[in-house]
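One-letter residues, chain by chain:
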Amino acid sequence: MGDFWGFGIIWVVLSVIADWIASIVGRHFYVFTASVQAQEGQAAASFLLMTVVPIFVFVVMMLFYALFRFRRRKGDTGSSTSQVKFNKAYVGLWVTLSLVVNLFLFVHPTASAMQVYWQEGQAYNKSSNELIVDVTAQQWGWSFSYPQYGIQESVDSNGNDVLYLPVDRPVKFVLNSYGDGDGLSEQIDVIHSFWIPAFGMKTDVIPGETRYEYITPTVISDTQQNGMMRVQCAEVCGPGHPYMESNLHVVSQSNFASWVQQQLKLQSGS
Amino acid sequence: MSVTPGNSPLQATGELPVVPRRRMSPPMKGVIWAAIGFLLLNSIVSGIDPDVLHSYVNQVSVVFGWMGAMVGWLFGVGGWDALVKPAFGFPLKWKETVGWRRYFEYSTDHKVIGIQYMVSSGLGFLIAGIAAMMMRLQLMSDHMWLFQYSKGYLTTVGVHGTIMMFSVGTVFMVGGLGNYLIPMMVGSNSSAFSRLSGISVWMVPAGIMTVAFSPLLGDWTTGWRGYQPLASQDGDGIIFYYLGVFILLLSSLIVALNLVATIVFKRAPGLTWNRLPMYAWGMLAVSFLNIIWIPEIMMTFILALLAKIVPLPLFTAVGSPMVYLQMFWLFGHPEVYIVVVPALALWMEILPVLSKKTLFARQWGVIGLVFVMLLSGMVWAHHLFPTQGNSTILPISFFTEMISIPTGFAFMVAIGTIWKSKFTLNTPSLLVLMSMFNFLIGGLTGVFLADPMVNMQLHDTFFVVGHFHYTIIGGMVFSSFAAMYYYLPKFSGRTFNDKWGQFGAYWIFIAFNATFFQFFIVGLRGMNRWVPVYPHYLMWQNFEISICAFLLGFGFLYNIGYIIWAWVKGPAAEENPWKAKTLEWYAPSPAVGTNFETEPQVVNGFYDYSDGAGEAVVFQS
Amino acid sequence: MAASSNQSNDVLYPMQTPLSRADLFKLKGGLTLFLIGLAVPILLLLEMRYVVAGGYVAPQVTQWPAIAATVAMLLSGLFTVAGSKSAKKANRPGIVRSYNWAILFALIAIILIGIPAFNGVLDPVSHYGETFIPTMGTIDVYLFFTWIGMLATRSRVKRLGNKIENYWGVYATNIVLWFMFVCWVVTWVQLYYL
Ligand code: HEM
Ligand SMILES: [Cu+2]
Ligand SMILES: [Cu+2]
């Protein structure tokens, strides 16, 4: 019995300490969050972290017990004194707990977070404020157009494709792959993945299908300031895959408005 | 025909046949026949090809040429003399030799075959390991320097992943340890289909070489998953990826058939299902997975190959790229359990022996292995969370989270066995504990990946790369090293010095965790996969990860070198140094020749260490 | 005979040792597993056809070779059954005679199945064509290896003569051929009518 209680007490103490650390570290799991969705993912991740840490402590403690507490002493050659073949309480508890923990995690955060995300999408679609950005992936680059503003392809002063977003405004990305899509063309493009690390979300772009991603940016920043603020292709798509990235700027609403004007001028000028 | 039918080649004595007359070494003959086969078929196909613009070696001809080479190789190395001719009723001229030569020719001895599998697999580990080192070398800097073009790097990633998965992960513990141990473990003198098994092992080096030389045909950038439609427009090297994987899988399929039949039909009297050793249970579960999913992926690869060379538009047309992805992961997820289930089984095999304590809750360990096998066919699409439509996300996520339960049973059994035991701390048991630690991290990070919302961030980043290296290296490779140390006395009759063994174990443990734990962090910081170049802010950490990775690489070399040294020169071992009760320890050490002169009879379970427990095995003479 | 683990004495030569019940059980079990494995790709192909092409059947697909192939395979199968019957009575010339016919009809079936797949009527770049051709091709490859197996069995029976102690090889060939027949019929009905 001594081992049992000793182990239990140490486990509880260590778990509490570890969970306390996890609650702090877990807040930085996503490293940098710049959207509502990233914060949701961040919350889910730190919840998961807090849940798995006691399990981790339990097993690792047991490994240390094997190394030190239960280690065979020098010269002892006999069999173990304890020879339990089964312990109903232990097995029952283990099976029940792992079932409960898993079901629980499935309800929250798995299903709940996904539900929230899908509902956000629906709410954005209903809102008149929603900004629509058409994203086209092509070997090997991104292009962005803003149908609500008549911007066909946004570019920066060097002529590179660039993504500008206003802060705190819901965005719907409409993701398409480049290609004529007649279904039989061999020249059809390949699978890409639209990822902005700071937004905590990625969606694959499948040739012939249209996918949507919903984001509300919350932080004014850009690629120069923070490397996670970039549009990155995350699915291997050929030799140019490593170079398939674009700059991202999240700006204030008023700056966005003037950027739109400047883009329109650029477009009509050329 | 001068041969008289039924002219029996058999020797009357039961002794080992001696080397007959000098003959060309079979692998040499295999290589020559392979070259002839390639030239023959390639020329024929090239010749009848109506397209005059095609070069001598073109997409179609190289496929046929490769088939010719493969048939030539397998025939030359012994298949023709020992398999095909007898099958047509010609007298058998093939005789097995003794000594080291046995390992370089066709054999029907499951122990020779097992070692041939292990060595071939080790060869794959070295080749793919060199590829990994080249990748890490490139990643020390944020711009191209080692490779000239990114496609060269991406090809290296693909070669690394493919060889590691299909010739190491799938092969070492199943074709290697499984072939060697299982017949002994069930008290038999041979495996069920030893003639087939003798030829299947030679497919492994051929497959490894095919993949390793794929860049000769052209760079391919898809990585080990060969995603469509990219694969169809990729360089021609991808053809050798399909063919190499095909032959490696064929080998594993034959292993699976052989192991299932051996376990089911060749058990010694008294070896009931209730007494079957844990490693045999593991092999059984794995082999069932193999029998179902390997043919599935082989067919898929043939379709993909046709899509490449005919070309059929199978996976390029609108809507169908997803078909390939589904078909791939339908196999791909069971595949990862094919890799780890043997490791889980090995823990349960070794721990009771080294802690001299009865295996705890044995039936739950078995249930765990079986349920992992059953569930693994239902979770494939969690590799596609950001890829698939919304409707299937939650069900798949549900099963994914559920599969952690039976996996956890292995931990439950292991921990229950360790508890209050007298745990012998030596190299193999230490490696098992390390494997448990690593696999625990692999499994717990899997909980994050199973959550779709979090997955949307982690997918295709180095977090995932860290996760699966933790499960595969941490789980399977560490367990394989544990098995090598544990069974060394059986393999060679020699043993190792525990100090040097533990030194090696700590070395790879520390270097491994230093390397791959940082994969999680660098992934969370925004490092995506399949890139030789990356944003500058990630450079410092990548540099330092690479240093750790090189230490890990040398650590593996050290351990392999040390095991080889101990195998050849180590101090002599006792017959049964761990005082194990399982049947393989009743066979002679080193296990050469006949396993059991008289048929063993199993009268008790193997894992009972209580004082009253009698011997598990008796031999009636 | 001493049980050498090198097995060169008792394993390397098929059909020359008497089989115990346990041996036979093992061989049957192994064959079953093998056939399960073989069935998987066929199932995959049939499933893929619905995914890619739906229930569409190209009207121009050539009908007669398929029907003729079914007949040829059936005949071949009947002859292998006759072979197995002769094997029960250890009537070796009978086996060889039946197998001569069975091999001939199987060859005809292989050629016939190849016709609709490769006569160029179907466009390989159509959804139906791109599933039809690999499926028929796979059946044909399977059948080709079965055919080689039949040749081997026949040759073995002929050469080993009265050294033969068991006829498992003959029974197994028969089972495999009938398995192929079932695969073919399912494929045929599915590709042509469903
Ligand atoms: C010395 C130890 C190893 C190191 C340093 C290493 C490193 C790496 C790196 C850097 C990648 C590329 C990740 C990416 O960009 O996607 C990778 C991929 C991979 N590795 Fe390893 N690896 C090692 C051992 C292994 C082993 C032992 C296995 C399996 C048995 C393995 C299986 C894989 C697979 C399947 C991939 C994915 C390849 C792909 O994306 O197609 N690795 N590894
Ligand atoms: Cu891309
Ligand atoms: Cu990409």
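Residues numbered from 1 in each chain as written. Chains lettered and ligands numbered in written order. Predicted model: local features only at pLDDT ≥ 70, side-chain atom pairs only at ≥ 80, totals over all residues. Heavy atoms only, no water.

So, the coordination of the copper ion (ligand 3)
Residues and elements named next belong to chain A. Summarising the metal site, the copper ion (ligand 3) is bound by the protein donors Cys 233 (SG), Glu 235 (O), Cys 237 (SG) and His 241 (ND1), whose distances to it range over 1.9 to 2.4 Å. Taken together, the four donor atoms coordinating the copper ion (ligand 3) span angles of 89 to 121 degrees at the metal, a pattern that classifies the geometry as tetrahedral. For the copper ion (ligand 3), all donor residues lie on one chain, and their spacing in sequence is C-x1-E-x1-C-x3-H. Taken as an interatomic distance, the gap from the copper ion (ligand 3) to the copper ion (ligand 2) is 2.5 Å; Cys 233 donates to each of them. (Donors = N, O, S within 2.8 Å, 3.2 Å for Na, K, Ca; no water. Tetrahedral: all angles 85-135°; square planar, octahedral: opposite > 155°, others 65-115°.)

Some thoughts on the pairing of strand β1 (residues 131-138) of chain A
Consecutive residues of a regular strand have side chains that alternate between opposite faces of the sheet. All names here are of chain A. Alternating positions in β1 separate cleanly, Leu 131, Val 133, Val 135 and Ala 137 being buried on one face and Ile 132, Asp 134, Thr 136 and Gln 138 remaining unburied on the opposite face. Note that β1 and strand β4 (residues 171-177) share seven bridges and pair parallel. Among the inter-strand pairings, Ala 137 is bridged to a residue of β4, identified as Ser 177. When β1 meets strand β2 (residues 141-145), the two strands line up antiparallel, connected through five bridges. Residue pairing for β2: Ala 137 is matched across the bridge by Trp 142. Hairpin connection from β1 to β2: two residues lie between these consecutive antiparallel strands. (Buried < 20%, exposed > 50% of the residue type's maximum accessible area, 1.4 Å probe, protein only. Helix = DSSP H or I, 4+ residues; strand = E, 2+ residues; numbered from the N terminus. Pairing = 2+ DSSP bridges.)

Regarding the domain arrangement of chain A
Residues and elements named next belong to chain A. For chain A, the assigned domains read domain 1 (2-69 + 91-119) and domain 2 (127-268). Each of domain 1 and domain 2 has a C-alpha centre, and the two are 35 Å apart. Facing the eleven residues of domain 1 at the interface are 15 residues of domain 2. Taking both sides of the interface into account, the surface hidden between domain 1 and domain 2 amounts to around 1000 Å²; carbon and sulfur atoms contribute 60%. Taken as a group, Phe 32, Ala 34 and Tyr 117 account for 54% of the area that domain 1 buries against domain 2, more than any other trio of residues on that side. Where domain 1 packs against domain 2, one counts zero salt bridges. Counting across the interface, domain 1 meets domain 2 through nine residue pairs in polar contact (both at pLDDT 80 or more). With four residues, helix α2 (residues 36-69) is the largest single contributor of residues to the side of domain 1 that touches domain 2. Across the side of domain 1 that touches domain 2, the residue classes break down as seven nonpolar, four polar and no charged. (Domains from an automatic or database assignment. Contact = heavy atoms within 4.5 Å. Buried area = accessible area lost by both parts, 1.4 Å probe. Salt bridge = Lys/Arg side-chain N within 4 Å of Asp/Glu carboxyl O. Polar contact = N/O pair within 3.5 Å; in protein donor to acceptor, adjacent residues only side chain to side chain. Nonpolar A, V, L, I, M, F, W, Y, C, P; charged D, E, K, R; others polar.)

As for the environment of Asp460(B)
Locating Asp460(B) in the fold gives a position in the loop between α16 (452-458) and α17 (462-492). Separated by 181 residues in the primary sequence, Asp460(B) and Tyr279(B) place their C-alpha atoms 34 Å from one another. Excluding anything up to four places from it in sequence, Asp460(B) contacts Ala234(A), Glu235(A), Asn528(B), Arg529(B) and Trp530(B).

Digging into the interface of chain A and chain B
When the parts come together, some accessible area is lost, and that loss is often what is quoted as the size of the interface. Across the boundary between the two partners, chain A contributes 91 residues, which contact 92 residues of chain B. For the pair chain A and chain B, the summed buried surface comes to about 8000 Å²; carbon and sulfur atoms form 69% of the total. Across the contact surface, chain A and chain B share three salt bridges. Taking the shortest distance from any N to any O, the salt bridge between Asp608(B) and Lys85(A) comes out at 3.3 Å. At the boundary of chain A with chain B, the tally comes to 33 residue pairs in polar contact (both at pLDDT 80 or more). Among the elements of the structure, α1 (2-25), α2, α3 (88-126), β6 (201-205) and β9 (230-233) of chain A are those that each provide at least two residues to the side of chain A that touches chain B. Here the side of chain A that touches chain B is composed, by residue class, of 54 nonpolar, 23 polar and 14 charged.

Things to note about helix α4 (residues 127-160) of chain C
Residues and elements named next belong to chain C. For α4, spanning 34 residues, the distance from its first C-alpha to its last is 50 Å, which sits close to the expected 50 Å at 1.5 Å a residue. Of all 34 residues that make up α4, 24 are buried, and the element is covered over most of its length. Positive phi shows up at Gly 161, right after α4, with a value of about 55 degrees. (Expected span 1.5 Å × (residues − 1).)

Structural notes on the coordination of the iron atom of ligand 1
Tetrahedral coordination by four donors sets the ideal angle at the metal to 109.5 degrees; octahedral coordination by six donors sets it to 90 or 180 degrees. Residue and element names in this part refer to chain B. Bound to the iron atom of ligand 1 on the protein side are His 160 (NE2) and His 469 (NE2), at distances that span 2.0 Å. Coordination at the iron atom of ligand 1 is octahedral: its six donor atoms span angles of 86 to 179 degrees at the metal. A residue pair is termed long-range when its members are at least 10 positions apart, and His 160 in helix α4 (residues 150-169) and His 469 in helix α17 qualify at 309 residues. By relative accessible area, which is 12% here, His 160 ends up buried. Residue class for His 469 comes out buried when judged on its relative accessible area of 14%.

Notes on the site of ligand 1
Residues and elements named next belong to chain B. Residues in close proximity to ligand 1 total 22 residues, the closest being His 160, Trp 224, His 469, Arg 529 and Trp 530. His 469 places a side-chain nitrogen or oxygen 2.7 Å from a nitrogen atom of ligand 1. Arg 529 is positioned such that a nitrogen or oxygen atom in its side chain is 2.7 Å from an oxygen atom of ligand 1. When residues of the shell around ligand 1 are traced back to their parent elements, those giving at least two are α3 (110-138), α4, α17 and α19 (539-569). Across the shell around ligand 1, the residue classes break down as 17 nonpolar, four polar and one charged. (Near = heavy atom within 4 Å.)

Things to note about the sheet that holds β4(A)
All names here are of chain A. Across the sheet, four strands lie side by side as β2-β1-β4-β7; this open sheet has mixed pairing. Only two strands of the sheet have a single partner each, and these edge strands are β2 and β7 (211-215). Pairs of neighbouring strands in the sheet enclose a mean axial angle of 25 degrees, with direction left out of account. On top of the sheet, α3 reaches β4 and β7; it is set at about 90 degrees to β7, its chief contact. (Axes fitted to C-alpha atoms, helices over the stretch in contact; angles between N-to-C directions.)

Quick word on the packing of helix α2 (residues 59-87) of chain B against helix α9 (residues 237-265) of chain B
Residue and element names in this part refer to chain B. Orientation of α2 relative to α9, taken along the N-to-C sense of each, is 25 degrees, at an axis distance of 11 Å. Our classification of the angle between α2 and α9 gives roughly parallel. Between α2 and α9 lies a crossing whose hand is right-handed. Of α9, the residues touching α2 (which contributes Gln 59, Val 62, Val 63, Trp 66 and Met 70) are Ile 239, Phe 240, Leu 243 and Ile 247. Its residues placed into classes, the contact of α2 with α9 shows eight nonpolar, one polar and no charged. (Parallel < 35°, antiparallel > 145°, perpendicular 65-115°, else oblique. Left-handed = near helix turned anticlockwise from the far one by under 90°.)

Thoughts on unusual backbone geometry
Cis geometry marks the peptide bond from His108(A) to Pro109(A); its omega dihedral reads 10 degrees. Take Pro109(A): it is sitting in helix α3. In this model, Ser589(B) is joined to Pro590(B) through a cis peptide bond whose omega is -10 degrees. Relative to the helices and strands, Pro590(B) resides in the loop between α19 and β1 (600-602). The backbone of Lys356(B) sits at a positive phi, close to 50 degrees, despite the residue not being glycine. With respect to the secondary-structure elements, Lys356(B) resides in the loop between α11 (321-355) and α12 (362-375). Unlike most non-glycine residues, Ala361(B) shows phi in positive territory, near 45 degrees. Summarising the element assignment, Ala361(B) is placed in the loop between α11 and α12.

Observations concerning the UniProt feature "transmembrane region" (unreviewed entry) in chain C
Residues and elements named next belong to chain C. When the UniProt feature table is mapped to this numbering, "transmembrane region" (unreviewed entry) covers residues 31-52, 64-87, 99-119, 131-150 and 171-193. Helix makes up 100% of residues 64-87 and strand 0%, with an end-to-end C-alpha separation of 34 Å. In residues 99-119, the share of helix is 95% and the share of strand is 0%. The end C-alpha atoms are 29 Å apart. (UniProt positions renumbered as here; feature names shortened; annotations may be inferred.)

Considerations on the environment of Asp81(B)
All names here are of chain B. By the element assignment, Asp 81 lies in helix α2. According to the relative accessible area criterion, Asp 81 is buried, its value standing at 18%. Considering only alpha carbons, one finds Asp 81 and Leu 92, eleven residues apart in sequence, at a separation of 6.9 Å. Reaching out from Asp 81, the side chain makes a polar contact with the side chain of Lys 29 at a distance of 3.4 Å.

As for the pattern of salt bridges
Counting across every chain of the model gives eleven salt bridges over all chains. Taking the shortest distance from any N to any O, the salt bridge between Lys422(B) and Asp76(A) comes out at 3.1 Å. Remark: Asp76(A) occurs in the loop between α2 and α3 and Lys422(B) occurs in the loop between α14 (404-418) and α15 (427-450); the pair is interchain, linking two chains. Residues Arg225(B) and Glu235(A) are paired through a salt bridge, measuring 2.5 Å at the closest nitrogen-oxygen approach. A residue pair is termed interchain when its members come from two chains, as with Arg225(B) in the loop between α7 (203-212) and α8 (230-233) and Glu235(A) in the loop between β9 and β10 (245-251). For the residue pair Arg225(B) and Glu235(A), the accessibility class agrees, reading buried in each case.

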